[in-house]
Amino acid sequence: MKQIINAHLLTPSGWEKEGTVVIDGGKIIEAGKFRGLTENAEIIDAKGNYVVPGGIEIHAHGGGGRDFMEGTEDAFRTVMETHLKHGTTSFFPTLASSTVEMIEQAAETCTKLMEEEHSPFIGLHLEGPYLNPVMGGGQIPEYIKGANPEEYIPLVEKWTCIKRWDAAPELPGALEFASYLRDKGIVAGIAHTNAAYDEIRKGYEAGFTHATHFYNGMTGIHKRNEYRHEGTVESIYLIDGITVEIIADGKHLPPSILALVHKFKGVERTCLVTDALACTGVADAKAFDPRVIIEDGVCKLSDTKALAGSVATMDRLIRTVVNEAGIPLADAVRMASETPAKVMGVYDRKGSLEKGKDADLLFLDKNFDLTKVFSYGREIKLD
């Protein structure tokens, strides 16, 4: 049993300056105002540091030199260990557009790891391959194709680890795809699309409820001849029920846009994601895709015509939105933990510091730098 004391604790009702968290068996058994020491508990003095819920990553492809598209247990564990040291305590591994064989291999590995006790892996995220090739960005073009029920239905029926699947709603068969996912309790994401308002509205009605890397891989307001037309971005703003995720590395979106999303979509509908690639967390590492280069602290296609993911980590996201976009720390943390948990349907056990939930938490100092990480109550050694 452990007891954290002297914590500037973020609770669902706000900050508790003299907070405490008691942990036993990987679970939180008490969180809130300090009311005395717990008998036989190991005492951990937070020394006034911020103590907040662990980050929930719902969109990342790799790290530590490895990519989830490899599909191996070693690759999955290496990526997890890399991000765990930077504040991600729960993971939905993401595959970019892949073949059926690659999806099957990754799903098999993910299923095995999810069955382990105190596993950070809580589901698989497929970004494609049912995307609009015109908006393909960093996706591998030869894998992009239309939605095929003879392909996706057997995969979903076989692999219950699939918790989210992204597609372009304007493509033939995409609405039926989203409706099928909704019936299976799987989040359908809008991704790599040039859909206009009517297509986004129909997509939402069919089952598309989340926008993948909002602003990136989609259109904004544009001119056709002398008239202006709404893009995908404006359409998503207009539909309150669509949640969004933003790559808050300070490169994919400028601070002003991060602040704009926070202002209009709000904490309850905005998630922070890294969209991290294999090169994250390793000096001189290369991306899984040979077309990708690292330049100016971000991943790009070598022709520099499109961004292709990031080298960001969860702690960097939090610092960026606080220091550069002026978003309050509590909101930044909620967008990294609470909102992703709610979007993905795991808020009953993740995303906040409450009795009965998994003991996943972070210590941040006054500069919002990460000083400690706990996963299911186990302290992770930081580099």
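This text follows the structure it describes.
Residues numbered from 1 in each chain as written. Predicted model: local features only at pLDDT ≥ 70, side-chain atom pairs only at ≥ 80, totals over all residues. Heavy atoms only, no water.

## Some thoughts on the sheet that holds strand E10 (residues 124–127)
- Taking strand neighbours across the sheet as the criterion, the eight strands line up as E6-E9-E10-E11-E12-E13-E16-E17 in an open arrangement whose pairing is parallel. With one partner strand each, in any of the chains shown, strand E6 (55–60) and strand E17 (270–273) form the two edges of the open sheet. For this sheet, the mean inter-axis angle between neighbouring strands, taken without regard to orientation, is 30 degrees.
- Sheet topology note: the strand E9 (residues 88–95)/E10 ladder contains two bridges and is parallel. The residue of E10 that forms the bridge with Thr94 is His125.
- Its contacts with the sheet put helix H9 (residues 329–336) on E6 and E17, and the angle it makes with E17 is roughly 75 degrees. (Pairing = 2+ DSSP bridges. Helix = DSSP H or I, 4+ residues; strand = E, 2+ residues; numbered from the N terminus. Axes fitted to C-alpha atoms, helices over the stretch in contact; angles between N-to-C directions. Contact = heavy atoms within 4.5 Å.)

## Looking at the nonpolar core
- Counting residues in each nonpolar core, the largest one holds 85 residues, and the members touching the most others are Trp165 and Phe214.
- Ranked by size, the runner-up nonpolar core spans 14 residues in total, among them Ile4, Ala7, Ile28 and Leu353. (Core = buried A, V, L, I, M, F, W, Y, C linked by side-chain atoms within 4.5 Å. Buried < 20%, exposed > 50% of the residue type's maximum accessible area, 1.4 Å probe, protein only.)

## Brief notes about the packing of aromatic side chains
- Taken as a whole and assessed by the stated rule, the structure comprises 18 aromatic pairs.
- Seen in terms of ring centroids, Phe68 and Phe76 are 4.8 Å apart; in terms of plane orientation they differ by 65 degrees. Their pairing is edge-to-face.
- Classification of Phe76 by relative accessible area gives buried; the value is 0%.
- Look at Tyr152 and Tyr180: their rings are 5.6 Å apart centre to centre, the planes differ by 45 degrees, and that puts the pair in the tilted class. (Phe/Tyr/Trp six-rings, centres within 6.5 Å; stacked < 30°, edge-to-face > 60°.)

## Description of a nonpolar patch on the surface
- A contiguous nonpolar surface patch, about 280 Å² in accessible area, is contributed by Phe34, Leu37 and Ile43.
- What makes Phe34 partly exposed here is its relative accessible area of 36%. (Patch = residues over 30% accessible without salt bridge, like charges linked within 9 Å, V, L, I, M, F, W, Y side chains within 5 Å. Areas by Shrake-Rupley, 256 points an atom, 1.4 Å probe, with all protein chains shown as cover. Salt bridge = Lys/Arg side-chain N within 4 Å of Asp/Glu carboxyl O.)

## A look at the packing of helix H3 (residues 149–158) against helix H4 (residues 174–183)
- One can describe the packing of H3 onto H4 by two numbers: an axis separation of 11 Å at closest approach and a directional angle of 15 degrees. As judged from the angle between their axes, H3 and H4 are roughly parallel. Where H3 crosses over H4, the handedness of that crossing is right-handed. Facing H3, whose interface residues are Tyr152, Ile153, Val156 and Glu157, H4 presents Glu176, Phe177, Tyr180 and Leu181.
- Along the lines of polarity and charge, the residues of the contact of H3 with H4 split into six nonpolar, no polar and two charged. (Parallel < 35°, antiparallel > 145°, perpendicular 65-115°, else oblique. Left-handed = near helix turned anticlockwise from the far one by under 90°. Nonpolar A, V, L, I, M, F, W, Y, C, P; charged D, E, K, R; others polar.)

## Considerations on the side chain of Asp249
- Looking at where Asp249 falls in the secondary structure, it is placed in the loop between strand E16 (243–247) and helix H7 (255–264).
- At a separation of 2.9 Å, a polar atom in the side chain of Asp249 contacts the main-chain amide nitrogen of Lys251.
- Here the side chain of Asp249 touches His252 through a polar contact of 2.9 Å, side chain to side chain.
- Non-local contacts of Asp249, meaning those with residues more than four positions away in its chain, are made with Val298, Ser310, Ala312, Arg316, Leu317 and Thr320. (Polar contact = N/O pair within 3.5 Å; in protein donor to acceptor, adjacent residues only side chain to side chain.)

## With respect to the pattern of salt bridges
- For the coordinates displayed, the defined rule picks out 22 salt bridges.
- Here Asp360 makes a salt bridge to Lys350, at a shortest N to O gap of 2.9 Å. With Asp360 in the loop between helix H10 (338–343) and strand E20 (361–364) and Lys350 in the loop between H10 and E20, this pair connects stretches of sequence that are ten residues apart.
- A relative accessible area of 5% places Asp360 in the buried class.

## Describing the pairing of E6
- Counting buried positions over the six residues of E6 gives six, a clear majority of the element.
- Bridge analysis of E6 against E9 gives four bridges, and the strand direction is parallel. If you follow Ala60 over to E9, its bridge partner there is Pro93.

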